[in-house]
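What follows is each chain in one-letter form.
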Amino acid sequence: MISFKKVDKWFGDLHVLNDINIEVAQGEVVVVCGPSGSGKSTLIRCINRLEPIQKGEIVVDNMAVHDKKINMTKVRADIGFVFQSFNLYPHMTALENTTIAPRKVKNMSKKEAEKLGRKMLTRVGLEDRIDHYPTQLSGGQQQRVAIARGLCMNPKIMLFDEPTSALDPEMINEVLDVMRDLAKEGMTMMVVTHEMGFAREVASRVVFMDEGKIIEVAPPNDFFTNPQTERGKYFLASILTH
Amino acid sequence: MLEAFNFRVILEYMPLYGQCFLATLWMSGLALLGAILVGIVACGMRLGQVRSLSVLAGIFIESIRSTPLLVQLYFFYFGLPTLGIMFPEWVTGVIALTLNSGAYYAEIIRSGIQSIDSGQTEAGIASGMNYFQRMRYIILPQALGMTIRPMLGQAIVLVKDSSLLSLISILELTRAGQLLTSDRFMPAEGFLTTAVFYLILYYMLKWFSSWSEKRLIFREAH
């Protein structure tokens, strides 16, 4: 479903992604973790070319994302992306946030899109917040609208860039619950997160990154109980004892 | 002093003032609509991906903002006919006002667009929207809402600048004052009346902007 081959990326002199190779199969949930500045957000932002890469190949659902000539609209329409800072459209209600892309990108009728929007907002538990504006919603509710917004495009892949990092602790679970359900339903997901409980529970594999490189890839139980590298051990020790 | 002030002559000239008030109103209104349109297009070109269009828009904005409106007006009024381009006077006047304020609107809108968080653009990109869709549905509604006050400021400047049209013998409010002055030699009566009508236009604009502000901007804040 997602394939990185020898991917390199630089921000100026900074080598943010260094020889990245990874394959994600359909239905897999891959959690990406690592210290800040390790390139984990950049990694998933490259998948829908929010960031371009300089070397290597990224293929998503048989489409070559690294190819400058490819029309990204189709690729992006099939990939849901959830941001750390939600990025809801503040001038639109929750429902309008979820219907704008289906209507304008997929040319769905307003009626059809609203039906879909209501269904997805209900799915994330916000059926009573449909006509609220983002500023009238809590952080956790906003992030769930953002997830519903992604789901309305009927995506093949959902990408999450630290979806709970901007949330108050008591709201983290309502977002993680929605993500757990998605994972159980077989959605292909890549999740950048520090929520190790979530990783343990739903991840097929954990990718550990440091300084732009993938250091370890392992099933969560192996990684958490028996990391193979010193840096992995050090990272786990530092986040588990904080 | 007040005994010297001739109210009767003002009443006598009221039909002229009424006609001129309407002329200023519709010419400024037309120029305002045109200017906002020019501003959106110029700003879109300036911020767009196509380099040649961006440079073109930059030259337009800079050259308008760096030269006096009177010079631009004289260029359109006296200069263009010598190049074989002829318009009625009022068209020349409205075009000059439109292009002049359009350049300022381009800058106002640009500041509005650039104040929108880049996450909004990224969310649009991630959902597959193209540049025009992002502008139309995500960026501009927010940017225009945030720039209502500076836009009102420029609209007031536009209405006041329309007084320069009197210099190319277009019948409008300032011209009415000039006519009263030259007919009866009563400049105090003539230009004070003119000023009062500009004040009325100012309050109309102010009312319109707070009305549209309530409707346009972040509805959730109200």
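This text gives an overview of the structure that appears in the document. (Residues numbered from 1 in each chain as written. Chains lettered and ligands numbered in written order. Predicted model: local features only at pLDDT ≥ 70, side-chain atom pairs only at ≥ 80, totals over all residues. Heavy atoms only, no water.)

### Here we look at the overall build of chain B
For step 1, the next point in the chain: Helices and strands together make up the secondary structure of chain B, namely ten helices and zero strands.
For step 2, the next point in the chain: Shown N-terminal to C-terminal, the secondary structure of chain B runs as helices and strands in the order α-α-α-α-α-α-α-α-α-α.
For step 3, the next point in the chain: Structurally, chain B occupies a C-alpha span of about 70 × 50 × 25 Å along its principal axes.
For step 4, the next point in the chain: Across the 222 residues of chain B, 46% fall into the buried class.
For step 5, the next point in the chain: Accessible surface, chain B as shown: approximately 11700 Å² in total, 69% of it carbon and sulfur.
For step 6, the next point in the chain: Taking the average place of the 15 positive charges on the side chains of chain B and the average place of its 13 negative ones, the gap between the two points comes to 7 Å. (Helix = DSSP H or I, 4+ residues; strand = E, 2+ residues; numbered from the N terminus. Buried < 20%, exposed > 50% of the residue type's maximum accessible area, 1.4 Å probe, protein only. Areas by Shrake-Rupley, 256 points an atom, 1.4 Å probe, with all protein chains shown as cover. Lys, Arg positive; Asp, Glu negative; His and termini not counted. Charge placed at Lys NZ, Arg CZ, Asp CG, Glu CD.)

### Some points on the packing of helix α2 (residues 14-47) of chain B against helix α8 (residues 148-161) of chain B
All names here are of chain B.
For step 1, the next point in the chain: Axis separation between α2 and α8 bottoms out at 10 Å; the angle between their running directions is 135°. For the element pair α2 / α8, the angle class is oblique. Crossing of α2 over α8 shows right-handed handedness. Mapping the contact onto sequence places Ser 28, Ala 31, Leu 32 and Ala 35 in α2 and Ala 155, Leu 158 and Val 159 in α8.
For step 2, the next point in the chain: The class makeup of the residues in the contact of α2 with α8 is six nonpolar, one polar and no charged. (Axes fitted to C-alpha atoms, helices over the stretch in contact; angles between N-to-C directions. Parallel < 35°, antiparallel > 145°, perpendicular 65-115°, else oblique. Left-handed = near helix turned anticlockwise from the far one by under 90°. Contact = heavy atoms within 4.5 Å. Nonpolar A, V, L, I, M, F, W, Y, C, P; charged D, E, K, R; others polar.)

### With respect to the environment of Ser 54 of chain B
For step 1, the next point in the chain: With respect to the element layout, Ser 54 of chain B can be found in helix α3 (residues 51-65).
For step 2, the next point in the chain: Here the alpha-carbon distance between Ser 54 of chain B and Cys 43 of chain B, two residues eleven residues apart in the chain, equals 8.6 Å.

### Quick notes on the packing of helix α4 (residues 69-82) of chain B against helix α5 (residues 89-114) of chain B
Residue and element names in this part refer to chain B.
For step 1, the next point in the chain: Across the interface, α4 lies against α5 with an axial gap of 9 Å and an inter-helix angle of 140°. Compared by their axis directions, α4 and α5 come out oblique. In the packing of α4 onto α5, the handedness of the crossing is right-handed. On the side of α4, the interface is formed by Leu 69, Gln 72, Leu 73, Phe 76 and Tyr 77, while α5 contributes Glu 89, Thr 92, Gly 93, Ala 96, Leu 97, Leu 99 and Asn 100.

### Concerning the nonpolar core
For step 1, the next point in the chain: Ranked by size, the top nonpolar core spans 52 residues in total, and within it Phe 4, Ile 47 and Met 190 of chain A carry the most contacts.
For step 2, the next point in the chain: With five residues, the single largest contributor to this core is helix α7 (residues 131-146) of chain B.
For step 3, the next point in the chain: With near-sequence residues (within four places) excluded, Ile 47 of chain A lies in contact with Ile 2, Phe 4, Val 60, Val 65, Ile 79, Leu 159 and Met 190 of chain A.
For step 4, the next point in the chain: Counting residues in hydrophobic clusters, the runner-up holds 48 residues, among them Leu 95, Leu 167, Ala 183 and Phe 235 of chain A. (Core = buried A, V, L, I, M, F, W, Y, C linked by side-chain atoms within 4.5 Å.)

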